[in-house]
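Working through the structure, step by step
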Amino acid sequence: MRSEILTRIQALLLQDDLEAIRQDVRSAMDEFRALTTDEVRQQREAWATSEKEPDAVFEYEASPEEQAFEELITTFKEREKLWRKQVAESQKANLEKKLAMLEQLRQTIQEEENIGAAFAVFNGVRVEWDAVGDVPGDQFKIVHDQYYRLRDEFFYNINIYKELKEHDLKVNLKKKEALLADAKALESIEGIREREKQARAIQKQWLDVGPS
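For the structure given in this document, a descriptive report is provided here. (Residues numbered from 1 in each chain as written. Predicted model: local features only at pLDDT ≥ 70, side-chain atom pairs only at ≥ 80, totals over all residues. Heavy atoms only, no water.)

Some thoughts on the overall build of the chain
- Broken down by element type, the chain carries six helices and zero strands.
- Sequence-ordered secondary structure for the chain, helices as α and strands as β, is α-α-α-α-α-α.
- What you see for the chain is a C-alpha radius of gyration of 39 Å, clearly larger than the 17 Å of a compact globule of 212 residues, by over 25%.
- When the 212 residues of the chain are sorted by exposure, 25% land in the buried category.
- For the chain, the accessible area works out to roughly 15300 Å², and carbon and sulfur atoms hold 51% of it.
- The chain carries 33 positive and 44 negative side-chain charges, and their two centres are separated by 12 Å. (Helix = DSSP H or I, 4+ residues; strand = E, 2+ residues; numbered from the N terminus. Rg over C-alpha atoms; globule rule 2.2 N^0.38 Å. Buried < 20%, exposed > 50% of the residue type's maximum accessible area, 1.4 Å probe, protein only. Areas by Shrake-Rupley, 256 points an atom, 1.4 Å probe, with all protein chains shown as cover. Lys, Arg positive; Asp, Glu negative; His and termini not counted. Charge placed at Lys NZ, Arg CZ, Asp CG, Glu CD.)

Quick notes on the packing of aromatic side chains
- Taken as a whole, this structure holds nine aromatic pairs when the rule is applied.
- Measuring from centroid to centroid gives 4.4 Å for F122 and F154, while their planes differ by 5°, and the two rings are stacked. In this pair, F122 is assigned in helix α4 (residues 115-131) and F154 in helix α5 (residues 137-185), connecting sequence segments 32 residues apart.
- The buried category is assigned to F122, whose relative accessible area is 1%.
- Aromatic side chains W129 and Y147 sit 4.3 Å apart centroid to centroid with 10° between the ring planes, which places their arrangement in the stacked category. A residue pair is termed long-range when its members are at least 10 positions apart, and W129 in helix α4 and Y147 in helix α5 qualify at 18 residues. (Phe/Tyr/Trp six-rings, centres within 6.5 Å; stacked < 30°, edge-to-face > 60°.)

Considering helix α1 (residues 2-13)
- Compared with the 16 Å implied by 1.5 Å per residue over 12 residues, the 17 Å span of α1 between its first and last C-alpha is a close match.
- Of all the positions in α1, only R2, I5, L6, I9, L12 and L13 are classed as buried. Projected down its long axis, α1 shows its buried positions confined to an angular sector of 125°, all on one face.
- Looking at the buried side of α1, the elements it contacts are α2 (18-48) and α3 (64-111). (Expected span 1.5 Å × (residues − 1). Arc of directions from axis to C-beta. Contact = heavy atoms within 4.5 Å.)

Thoughts on the environment of M1
- If you trace the backbone, M1 turns up in the segment before α1.
- Since its relative accessible area comes to 59%, M1 is described here as exposed.
- With 135 residues separating them along the chain, M1 and P136 place their C-alpha atoms 40 Å apart.

Points about the environment of N172
- Summarising the element assignment, N172 is placed in helix α5.
- When the C-alpha atoms of N172 and M29 are compared, they prove to be 77 Å apart, with 143 residues separating the residues in sequence.

Regarding a negative patch on the surface
- On the surface, D16, D17, E19 and D134 cluster together into a patch of negative charge.
- Inspection of the secondary structure assignment puts D16 in the loop between α1 and α2.
- Assessed through its relative accessible area of 74%, D16 is described here as exposed. (Patch = residues over 30% accessible without salt bridge, like charges linked within 9 Å, V, L, I, M, F, W, Y side chains within 5 Å. Salt bridge = Lys/Arg side-chain N within 4 Å of Asp/Glu carboxyl O.)

A short note on α4
- In this model, α4 (17 residues) spans 24 Å end to end at C-alpha, consistent with the 24 Å of a helix rising 1.5 Å per residue.
- Along α4, the residues classified as buried are A118, F122, V125 and W129. Across the axial projection of α4, the buried residues extend over an arc of 65°, all falling on one side. Looking at α4, the residues exposed on the side facing more than 90 degrees away from the buried face are A120, V127, D130 and A131.
- A side-chain oxygen of the first residue of α4 lies 2.9 Å from the backbone nitrogen of G116; this N-cap is N114. (Polar contact = N/O pair within 3.5 Å; in protein donor to acceptor, adjacent residues only side chain to side chain.)

So, the packing of α1 against α2
- Interhelical geometry of α1 versus α2 gives an angle of 160° and a closest axis separation of 10 Å. Viewed along their axes, α1 and α2 adopt a mutual orientation that is roughly antiparallel. Where α1 crosses over α2, the two elements pack in a sense that is left-handed. Residue-level inspection shows R2, I5, L6, R8, I9, L12 and L13 of α1 in contact with α2, the latter providing I21, D24, V25, A28, M29, E31, F32, L35, T36 and E39.
- For the contact of α1 with α2, the per-class residue count stands at 11 nonpolar, one polar and five charged. (Axes fitted to C-alpha atoms, helices over the stretch in contact; angles between N-to-C directions. Parallel < 35°, antiparallel > 145°, perpendicular 65-115°, else oblique. Left-handed = near helix turned anticlockwise from the far one by under 90°. Nonpolar A, V, L, I, M, F, W, Y, C, P; charged D, E, K, R; others polar.)

Coordinates in, geometry out; function isn't part of it.
Printed below as a string of structure tokens:
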């Protein structure tokens, strides 16, 4: 039975993706240890009922499988140590990427006045954020909270901008309506030069008014 478990562990360790097999390897190792504990108990019980010298001390006779098992444990631990190091390096790199994205989003919120450009940056950050992998566990909540706080701030600012823009459009509309009324009133001016003078002034004011 223990030899079958060894064969299973050996087959698992031949796979490259350690993360995918870690739990299976650990489960198999637990099974092997449980069987070894039973073997120790059986040998102890057999020794207790056997004829022996009064000062005899029980000594467990390990099987060849146990030596092979210890070698597999060493191999697994070495691979797991390397894997943990690689995971830590990858998560550190991901953290640096996300911190850079947070800064990019923060600057966009503070400095970008063009709503189209701001949305382009925000959408780019959102797509890239979802694509980046895990960060170190002790940093996850920090960057997570910062991202969603900046996201909320972005939409809040966009809504404020839209409200201000809508207000400006309405104000400009009233200005243009007033200028149209002034233009219609030009018909009552008899002097052509005076009419042209005021018409040019109205035209300049019209061009100075923003979109409505």
